[in-house]
There are 2 protein chains.
Amino acid sequence: METLRERKKQRTRDALLRSALELFVTRGYEHTTVDEIAESVDVSQRTFFRYFASKEDVAFFVPRLTEAHYIEAVRRRPPEETPLEALRRSVMDSWDTIEEAIERYVPVELFLRTYKMIEATPVLFAAHLRRQAETEEEIARIVAEREGVDPDTDPRPRLVVAVFGAVIRVTERNWSVGEDFSVTAIRELTASYLDQVGPALTGNWRAG
Amino acid sequence: METLRERKKQRTRDALLRSALELFVTRGYEHTTVDEIAESVDVSQRTFFRYFASKEDVAFFVPRLTEAHYIEAVRRRPPEETPLEALRRSVMDSWDTIEEAIERYVPVELFLRTYKMIEATPVLFAAHLRRQAETEEEIARIVAEREGVDPDTDPRPRLVVAVFGAVIRVTERNWSVGEDFSVTAIRELTASYLDQVGPALTGNWRAG
DNA sequence: GAGGCTAGTGACAGCCACTGACAGTTGACA
DNA sequence: TGTCAACTGTCAGTGGCTGTCACTAGCCTC
């Protein structure tokens, strides 16, 4: 952020990002053209593609931050915790500290609306799932290292991470269709679902 | 398949499907244009899009069959089984009986290669995950009905189905990067991973 | 079996995401 | 202040995809 040039670049990118997300959430992702985004910031379409690899890429700018944030949290967990403990505390910690990281680029509220839009837009939802799969791949490697096993011969790291990720996905899904659209809400929902998954798997639902 | 007209249509669609998959697996999905597919069957590009909604759509023609097959298998499970039992037996049954359904359209061997290509092509892999998410949504509704609960208030159906799906995905992943590329192999891998997931979640990995 | 009807098709024009090439402009820095 | 490099705009082109329209070939009736 030193030179004028760098500041200008930063401003252009921020403007493109904000404007794009605003357009996406108001008129919808598919109904927003890259030309419109560029025009709204008064740069050429070509310039847009110099800042973002694709139209999709803008939509995932903030999710990229949260993913990195989460991965870092997992890395920092003490090695004596079990894999599940470590994963659980990582997500919870992430939700506690993510807001300021987001706010540096866009208002948290805009991010939350973007998130809902991603869940509701098929092509973005697909990309979202693929990103999560990639994140899980990395987490699995971290877990494998923690536990001192080889992820290519021992399926357990990937299994644990995938199962955990599945609970997270159900959480996000139900949060995105729910009423309370806040960070607090998803935090609590996450804890609740993580508590329920054990009994749901083994218990007899028809007993009570 | 009555009239000449209908037989002609069927033949055109089959030819497009076969030719497209063949091109995809040999020269890659991204390096195959719709024009080339159309040309290889000697129809116009416009006609291709009358048979398939998109380029992506052709790639998922056979996966669509297997998904439907699996959903049907779940529907047919006796109600006294627990959700996990029912899901497990459904996948295993599906793998036993899917081959003839596939063979009606394309050689099973071509399908297996297509599957590997899907896993290896980012945009197709993303679409694949989204399709699985949709399938899981439907399965969750079936499970909810079996157990007599409301999936919109009780998170357990979606949780169980998501967790089960996660194991399936790890299975597919490891199968697709492995050596033995047969239906038997994925069948056995599925059983093995389903057995390992419980201990992996609760056990102490560093004990043994 | 000659006629009209219509499903299926090709040809064409156009939108949008994205890319490469080239030229112009504007900050950085000596 | 002049030179260089970074940044940008313009333009032309590709590929996926859609709407339109006219034409052909199978179908169906009388």
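On to the protein's contact with DNA strand C. Taken together, 23 residues surround DNA strand C, and among them Thr3(A), Lys55(A), Lys9(B), Thr47(B) and Arg50(B) come closest. Per the 4 Å cut-off to the protein, sugar and phosphate atoms form 58% of the nearby atoms of DNA strand C. Arg46(A) places a polar side-chain atom, nitrogen or oxygen, 2.8 Å from a base oxygen of DNA strand C. With respect to DNA strand C, the side chain of Arg5(B) contributes an N or O atom lying 3.4 Å from a base oxygen. Breaking the surface near DNA strand C down by element, the ones donating at least two residues are helix H1 (4–27) and helix H3 (45–51) of chain A together with helix H1 (4–27) and helix H3 (45–51) of chain B. Grouping the amino acids of the surface near DNA strand C by side-chain chemistry returns 6 nonpolar, 7 polar and 10 charged.

Once that is clear, we can look at the protein's contact with DNA strand D. Residues in contact with DNA strand D amount to 22 residues; listed here are only the nearest, Thr47(A), Arg50(A), Thr3(B), Arg46(B) and Lys55(B). For DNA strand D, the fraction of atoms within 4 Å of the protein that belong to sugar or phosphate moieties is 54%. One nitrogen or oxygen atom from the side chain of Thr3(B) is found 3.1 Å from a phosphate oxygen belonging to DNA strand D. In the model, a phosphate oxygen of DNA strand D is placed 2.7 Å from a nitrogen or oxygen of the Lys55(B) main chain. Broken down by secondary-structure element, the contributors of at least two residues to the surface near DNA strand D are H1 and H3 of chain A together with H1 and H3 of chain B. Its residues assigned to classes, the surface near DNA strand D comprises 6 nonpolar, 7 polar and 9 charged.

Residues and elements named next belong to chain A. When its domains are assigned, chain A resolves into domain 1 (4–57) and domain 2 (60–201). One C-alpha centre belongs to domain 1, the other to domain 2, and the line joining them spans 27 Å. Tallying the contact residues gives 13 residues for domain 1 and 14 residues for domain 2. Buried surface at the junction of domain 1 and domain 2, summed over both partners, amounts to about 1,400 Å²; 67% is from carbon and sulfur atoms. Here domain 1 is connected to domain 2 by 2 salt bridges. Ionic pairing is found between aspartate 57 and arginine 64, a salt bridge with its closest N-O pair at 3.0 Å. Applying the counting rule to domain 1 against domain 2 returns 6 residue pairs in polar contact (both at pLDDT 80 or more).

Turning our eyes to something else, we now look at the environment of Ile186(B). All names here are of chain B. In this structure, isoleucine 186 sits in helix H10 (residues 183–202). Expressed as a C-alpha distance, the spacing of isoleucine 186 and tryptophan 95, which sit 91 residues apart in the sequence, is 8.3 Å. Ignoring anything within four residues of it in the chain, the contact list for isoleucine 186 reads Trp95, Thr171, Glu172 and Trp175.

Let's shift gears to the side chain of Glu172(A). Residues and elements named next belong to chain A. By the element assignment, glutamate 172 lies in helix H9 (residues 156–177). It is arginine 169 that comes nearest to the buried, bridge-free glutamate 172 among opposite-charge side chains, at 6.0 Å. Filtering out sequence-adjacent residues up to four positions away, glutamate 172 remains in contact with Tyr115, Glu119, His128, Gln132 and Ile186.

A few words now on the packing of aromatic side chains. All names here are of chain A. Overall, the coordinates contain 16 aromatic pairs over all chains when judged by the stated rule. Taking 4.9 Å as the distance between ring centres and 65° as the angle between the ring planes, the aromatic pair formed by phenylalanine 24 and tyrosine 29 counts as edge-to-face. Both residues of the pair, phenylalanine 24 and tyrosine 29, belong to the buried class. On the basis of an interplanar angle of 0° and a centroid distance of 4.6 Å, the ring pair of tryptophan 175 and phenylalanine 181 is categorised as stacked. Since its relative accessible area comes to 4%, tryptophan 175 is described here as buried. Pairwise contacts between aromatic rings join Phe48, Phe49, Phe52, Phe61 and Tyr105 into one cluster. Lying over the aromatic face of phenylalanine 181, lysine 116 brings its terminal NZ or CZ to 4.5 Å of the ring centre.

What follows is about the interface of chain A and chain B. With 39 residues of chain A at the interface, the matching set in chain B holds 39 residues. Where chain A abuts chain B, roughly 3,400 Å² becomes buried across the two surfaces, and 72% of that area is made up of carbon and sulfur atoms. The largest per-residue losses of area from chain A upon contact with chain B belong to Leu159(A), Trp205(A) and Arg206(A), which jointly make up 23% of the total buried on that side. Put simply, chain A and chain B have 4 salt bridges between them. The residue Glu137(A) makes a salt bridge to Arg173(B) at a minimum N-O spacing of 3.8 Å.

Rules and cut-offs
- Residues numbered from 1 in each chain as written.
- Chains lettered and ligands numbered in written order.
- Predicted model: local features only at pLDDT ≥ 70, side-chain atom pairs only at ≥ 80, totals over all residues.
- Heavy atoms only, no water.
- Near = heavy atom within 4 Å.
- Polar contact = N/O pair within 3.5 Å; in protein donor to acceptor, adjacent residues only side chain to side chain.
- Helix = DSSP H or I, 4+ residues; strand = E, 2+ residues; numbered from the N terminus.
- Nonpolar A, V, L, I, M, F, W, Y, C, P; charged D, E, K, R; others polar.
- Domains from an automatic or database assignment.
- Contact = heavy atoms within 4.5 Å.
- Buried area = accessible area lost by both parts, 1.4 Å probe.
- Salt bridge = Lys/Arg side-chain N within 4 Å of Asp/Glu carboxyl O.
- Buried < 20%, exposed > 50% of the residue type's maximum accessible area, 1.4 Å probe, protein only.
- Lys, Arg positive; Asp, Glu negative; His and termini not counted.
- Phe/Tyr/Trp six-rings, centres within 6.5 Å; stacked < 30°, edge-to-face > 60°.
- Lys NZ or Arg CZ within 6 Å of the ring centre and 35° of its normal.

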